[in-house]
Each structure stands twice: as C-alpha cells, then as structure tokens.
Amino acid sequence: MKSNIFKNIAKNQAVLIVLIFLFIIFSAFVPSFFSARNLINILKQTSIIGIVACGLTFSVIAGSVDLSVGSIVSISGVLALSFSYRSIWLAIFIPIAVSILIGLVNGLIITKFNANSVIITLAMLAVVRGLALIYTGGKMVEGADNSKFMLIGRSSLSGLNVYIFIFIIIAVILGIIMNFTALGRFVYHAGSNIDASKIAGIKVDNIRIYTFIISAVCAGIAGIILSSRLYTASPLTGNGYEFDAVAAIVVGGTSLLGGKGNIYRTVIGIFFIVTVINAMILLNLPVAFQYVVKAVIIVVAVWLDIRTSRVNI
Amino acid sequence: MERVERKKVFDFLNNQKIFLILIALFVFLSLANRLFLTYENIMNILFQVTLTGIIAIGMTYTIISGDFDLSVGSNMALAATTVVLLERFGPVVAILGALAVSTLAGFVNGIFITILKINAFVTTLAMMIFLKGWVLFFTKSETIQGQSDVYFKFGYGTLFKVPYSVILFIVLYVIFGLVLSKTIIGRNIYAIGNNSKAAHFFGISIVKTKTFAFVLLGFLCGVSGLILVSRLNTASATYGSDTGLDAITAVILGGTSLSGGEGNAFKTFQGILLLGVLSNAMIVLNITPYLQQVIKGLILILVVSLDSYYVKANKFK
C-alpha cells in the first residue's frame, strides 16, 4: 500500500523530480548557477514565457493548439511601445484589444469551419507577423521616456521584479478557472470528447473560442511586459515563443491530444525548459544546441507520455 | 439524359476550378501588364517555384496519407549546408551526402510517427527545431559560401532555353505523380488516408507506407537543397523558413484535402503554379514583401477553411 503511494508520486510528479535532480546537479557542477542573481534570472525568464505557456495550455487541453502566440507577443509589444507616448492605459488597452481580436478570429475560423488548428494558427502567425512588420515598417520601436509604462517591466518589489508577481497571479487565476469553474470543466470535456460534450449540451464551439482568446490575451500580456522591460520592441521579438510554450506544455505532461493536464504542470514544464537553457548558457554552449536540446526534450516527453498512458490501459 | 450531360459538365468545371482560375488570372495579368506573358517571365515563374514545387510533391504524399510535415524548410536548409560543407570531398560525395542526410531526417520522421506513435505535428515540429539547431551550429549562425562554382553549371544551364532545374522539376512531377496514381504503394497511401483502420485490416502496412511518404519527402527536400546551392552556392539557417507553409498552401490550394485520402500530384502542380503566378503578380504590382507575407497567410487560411467546410458539409449530408 505504502509503496503504491510512492509509485503514484513518482509517476505523477516525475517531471518535478527530474527538475529537482537537475537543479542539484547544475548547482554542484555549473559555475554561478546557484547564485541569487542567477536564480532571479531564471524566475524572470520563466515569467514572460510562462504567461504565454499558461494561456496556451487552455487551447491545448481543449484539443487544439495555438501557434500564433509568437507573433501576438511581437505585435502586442510593438503596439504597446508606440502607444506609450499617448498614455499608459492606451499602451495596455490597445495590445490587449488586438490580441482578443486575433484570438476571436482564430477561434471562429477553427470552430465554424472545423479547420485544423495547427495550420490555421501557423498561417495566422505569418499574417500577424506581416502586419507587425508593416506597422513598424520593419524597424524597431522605442518607448516614450520617463513614462509610467516603464514601471511594468522595470520596477521591483522586495528585490523581485513586479512582473514575476504578475506571472504568479495570472498562473493562479488561470489554475483556478481551469480546475474550479464550469468553464474549466467544459474545457476538459471539449478536449476529451467533442461529440459527447455536444450531446451533453455543452456549447463546445464557444468554449474553444474562449480558449483561443485566453491564449491570445496571455500572449498579449507577455508582449506588453517584454516591451516594457526591454523598452525596445521589434516586430520579430516573439519569434519562437510558440515552440518554447508548446515544449513547456508537453514537458509538463499535458497531452497534445487534449482533455488532460493542468496549469501547474505547465509551470513545472516552463521551469524545466528555462533551467536547462540557463545552464547551457552558463556553460557557454553554442546557441544552436538550445534548439537541438529543446527538440529532444519535446520528443522524449511526448514519447514517455504515450508509453505510460499505454501501460495504464 | 441532358441532365446527366449537364452534371458531367458541372463536375468537370468543379474539378478543374483551379485550372480555370489559373487561366483567368493569366488572361487578366497579360492584359494588365505587357511584360507578364513573355517567355522570360513564364520561365521566371517556373524557376521561382521549383524549390517549393519539388517539396510540394512529397507534401502531397504525406497530406494524402493524413499527416503533414513542418520540418521541410529546415531539412532543405540542412541539405544546402551539407553540400557546401562537404565541398572539399568533391561534388559526388557532397551531393550524395546531402541527399542521405535529408532522406535520413525524413526516415526518422516516419519511424517516430509510425512506430513510436508520436503524432505528426509534434514529430515534425521537433524535427524542424532539431535540424535548424544543427544548421545554425554548422553555419555558425552565418551565411556560408561555397568555393567551387561547379554547381552553377546545373543552376544556370539550359536545354532548349529551359533551365535544367525546371526540367528536373517537371520530370519529378511526372514520375512521382505516376507513382502516386498507378502503383500499389500509391494506392495504399490513399487507403490509409481514407481510413487507416480499414487499411490495416486489409493487410496494408501503415508503418511501411507512411514511412515511404516521409522518406520520399525527405529525399525531395534534399533535391531542393541541392538546387538552392546550384543557384546561390550559399547556405544559411534562414533559408526555407517559409517553404513549409508555401508547400502546404500549394497542396491545399490545388484541391488536395487536408483531411487525407484524396487529391493528386497534378492538382498540386496547378496549386504551385497558381501560387507562383500570384507571387509574380504581387511583385509586378509592387506589393511590399511584408504585405505579400500577409496575403499568402490569408490565402492559406482561406483555402484550409473552404476545404474543411467542404469536408464537414459532406460528412453530415
């Protein structure tokens, strides 16, 4: 009986255990890994990509995937900085509104035409990137001096950047929505069996549209924070964020087939990816290897997931 | 009797709609711009679509079998990198090496999808990142330049005023179009795309058939990479970033369904020509590259939506 409990913990928290294990190894062998500055660095990197990944988790659990988030980060950052000259509220409101619009269009096309979400959102990635490039004329955008907008990415609270707390708050809210509300339950149902959910009277299309809006808005928020932190934004800033977010979700153990997983797992997954990449940077390995390692992590995680779930049946 | 005739005409028009759009576009553009309907411009369009067009043949196979491949652009860049890096061992080794590496990548895709049962999206997405990483590593994130100009003979040589690469492009379409429509392996690909469970019960090997499709696609990515080097004699990780989406667009635009089981290489040929004419028209009309990117993305969204809507409507008929 007791060994069963341990077995369950080992199975359910495998990623966390591996992460802790890696953390100990990196602390012992990678120079300056275990220092306050680096640990805060890891938290900072986790926060921005983490917001994207937590939002994306909704559409993945609902059984689709949103690859347009990378461009949404870019266009949101570009819009935020160019409106920072007007007022902080416009700099926040405009990017969020645009993100909602993109998510709505994604969701409507995918649900109403029953279209493949990978291809549609990949095409949307290209469209939004093109629009961001047109908007800035292909150039970088700089923010207004001494604007309050700068505070979002550059102020800190008891030694930690404010946006780390924003990430924590967003993750907690999304986790609560996912696991303790009707909307969250419907998201799981939509992801595990669309036809049964429709028969049960769940408005699956609407639920899936909400998930695309949530992932787009989270990407938009990440874009605002990133632009406020760097205070320059390029229409290509968010390139590749979609892959990192998908990698984090998959590593955490959320199934890409939908219906399984949660926000907590995504948070663990994003810590995992960021920690590994961080150690690689500290070890001065070529940037190219980051791509290779990410690819291997994605495949191994999915393969292990398939294997263990097959044993369960 | 007359009704049957009319239905036949309607079916014919419906099946050839891309061809008709293509002709209409041709007429419109040649009226709009005198330079459009010249031998040079037509050859130019074919020359431009060669790389994506060759990959689109293989993409047709994978899409008909019910999957798609996002790694083709990186795979092409890897072939180009390999051929430039292996230059000092002579062109034969370099060319065979590049084809081998690309084919191997396709093979690994196929094995992961069929034997490890990881879905095509995850496998090919991971493969795309993986190959891109190696290309970045080998090129040191720069554009690498080949020394010998032996490949230019192929890249810019012509036979009866037709570039070699365009001839190769058409020959590949004929060969693999026939393989798809006339051979057992081709028929098996349709069967799996239509209903993989039924195909399995009829004794068709899903592992062999799907892996064949991915191996072929990998090989064709290698061929595209070689043609790329024969024209530019350089390699870089930025090459091929749009190739995957363009190839998928050409296949779906031609009328092959993303849900698998139908379509053919001739349709893809029409799709790639239409895409080529549209790109050419956008350049002639002075549309900026950024806006071209937006328009191409919108075309993909439009054709996938129409295709999915058609499939959905048929399902509930």
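Residues numbered from 1 in each chain as written. Chains lettered and ligands numbered in written order. Predicted model: local features only at pLDDT ≥ 70, side-chain atom pairs only at ≥ 80, totals over all residues.

Let's talk about the overall build of chain B
Reasoning step 1: Scanning chain B for helices and strands turns up 14 helices and 4 strands.
Reasoning step 2: A globule of 317 residues ought to have a C-alpha radius of gyration of about 20 Å, and chain B, at 20 Å, matches this closely.
Reasoning step 3: Each principal axis of the C-alpha distribution contributes one length, and for chain B these read about 70 × 55 × 35 Å.
Reasoning step 4: Counting every position in chain B, which comprises 317 residues, the buried fraction comes to 48%.
Reasoning step 5: Contacts in chain B between residues at least 24 apart in sequence constitute 78% of all its contacts with a sequence separation of at least 6. (Helix = DSSP H or I, 4+ residues; strand = E, 2+ residues; numbered from the N terminus. Rg over C-alpha atoms; globule rule 2.2 N^0.38 Å. Buried ≥ 20, exposed ≤ 12 C-beta atoms within 10 Å, placed from the backbone. Contact = placed C-beta atoms within 7 Å.)

What about the overall build of chain A?
Reasoning step 1: Helix and strand counts for chain A stand at 14 helices and 4 strands.
Reasoning step 2: Taking 20 Å as the expected radius of gyration for a compact globule of 313 residues, we find that chain A reaches 20 Å, a close match to that expectation.
Reasoning step 3: Relative to its 313 residues, chain A shows a buried fraction of 49%.
Reasoning step 4: The long-range fraction of contacts in chain A, counting pairs at least 24 apart against all pairs at least 6 apart in sequence, stands at 78%.

Quick word on the environment of A:Ile110
Residue and element names in this part refer to chain A.
Reasoning step 1: Inspection of the secondary structure assignment puts Ile 110 in helix H5 (residues 88–112).
Reasoning step 2: Using a count of 27 C-beta atoms within 10 Å as the deciding quantity, one classes Ile 110 as buried.
Reasoning step 3: Residues Ile 110 and Val 52, 58 residues apart in the sequence, show an inter-C-alpha distance of 20 Å.
Reasoning step 4: Apart from the residues within four sequence positions on either side, Ile 110 is in contact with Ser 64, Ala 115, Ser 117, Ile 120 and Arg 208.

Things to note about the interface of chain A and chain B
Reasoning step 1: Taken together, the contact between chain A and chain B spans 34 residues of the former and 34 residues of the latter.
Reasoning step 2: Residue assignment for the side of chain A that touches chain B shows that the elements contributing at least two residues are helix H6 (117–136) and helix H14 (287–312) of chain A.
Reasoning step 3: Ranked by residues supplied to the side of chain A that touches chain B, first place goes to H6(A) with 13 residues.
Reasoning step 4: Considered class by class, the residues forming the side of chain A that touches chain B number 28 nonpolar, 4 polar and 2 charged. (Nonpolar A, V, L, I, M, F, W, Y, C, P; charged D, E, K, R; others polar.)

Quick notes on the packing of helix H8 (residues 162–180) of chain A against helix H13 (residues 263–282) of chain A
When two helices pack together, their arrangement is given by the angle between the helix axes and the distance between those axes.
Residues and elements named next belong to chain A.
Reasoning step 1: H13 packs onto H8 with a crossing angle of 145° between their chain directions and a minimal axis gap of 9 Å. Here Ala 171, Leu 174, Gly 175 and Met 178 of H8 come into contact with H13, specifically with Ile 263, Tyr 264 and Val 267.
Reasoning step 2: Grouping the amino acids of the contact of H8 with H13 by side-chain chemistry returns 6 nonpolar, 1 polar and no charged. (Axes fitted to C-alpha atoms, helices over the stretch in contact; angles between N-to-C directions.)

Some words on unusual backbone geometry
Reasoning step 1: Phi at B:Lys140 is positive, roughly 50°, even though this residue is not glycine.
Reasoning step 2: Tracing the backbone shows B:Lys140 in the loop between helix H6 (120–139) and strand S1 (144–145).

Side note on helix H9 (residues 184–194) of chain B
Residue and element names in this part refer to chain B.
Reasoning step 1: Three or more residues of H9 are buried, namely Gly 186, Asn 188, Ile 189, Ile 192 and Gly 193. The arc that holds the buried residues of H9, viewed along the axis, is 160°, so those residues lie on one side.
Reasoning step 2: In this fold, the buried residues of H9 make contact with helix H3 (39–64), helix H8 (164–182), helix H10 (196–201) and helix H11 (206–232). (Arc of directions from axis to C-beta.)

Structural notes on the confidence of the model for chain B
Reasoning step 1: Taken over all residues, the pLDDT of chain B has a mean of 86, while the share at 70 or more is 95%.
Reasoning step 2: Across the whole predicted complex the pTM is 0.88, and at the interface the ipTM reaches 0.87. (pLDDT = per-residue confidence, 0-100.)

As for the environment of B:Ser71
Residues and elements named next belong to chain B.
Reasoning step 1: Tracing the backbone shows Ser 71 in the loop between H3 and helix H4 (72–85).
Reasoning step 2: Judged by the 29 C-beta atoms lying within 10 Å of it, Ser 71 is buried.
Reasoning step 3: Separated by 159 residues in sequence, Ser 71 and Ser 230 have C-alpha atoms that sit 22 Å apart.
Reasoning step 4: The contact partners of Ser 71, leaving out residues within four places of it in the chain, are Ala 105, Asn 109, Thr 124, Met 127, Met 128 and Leu 131.

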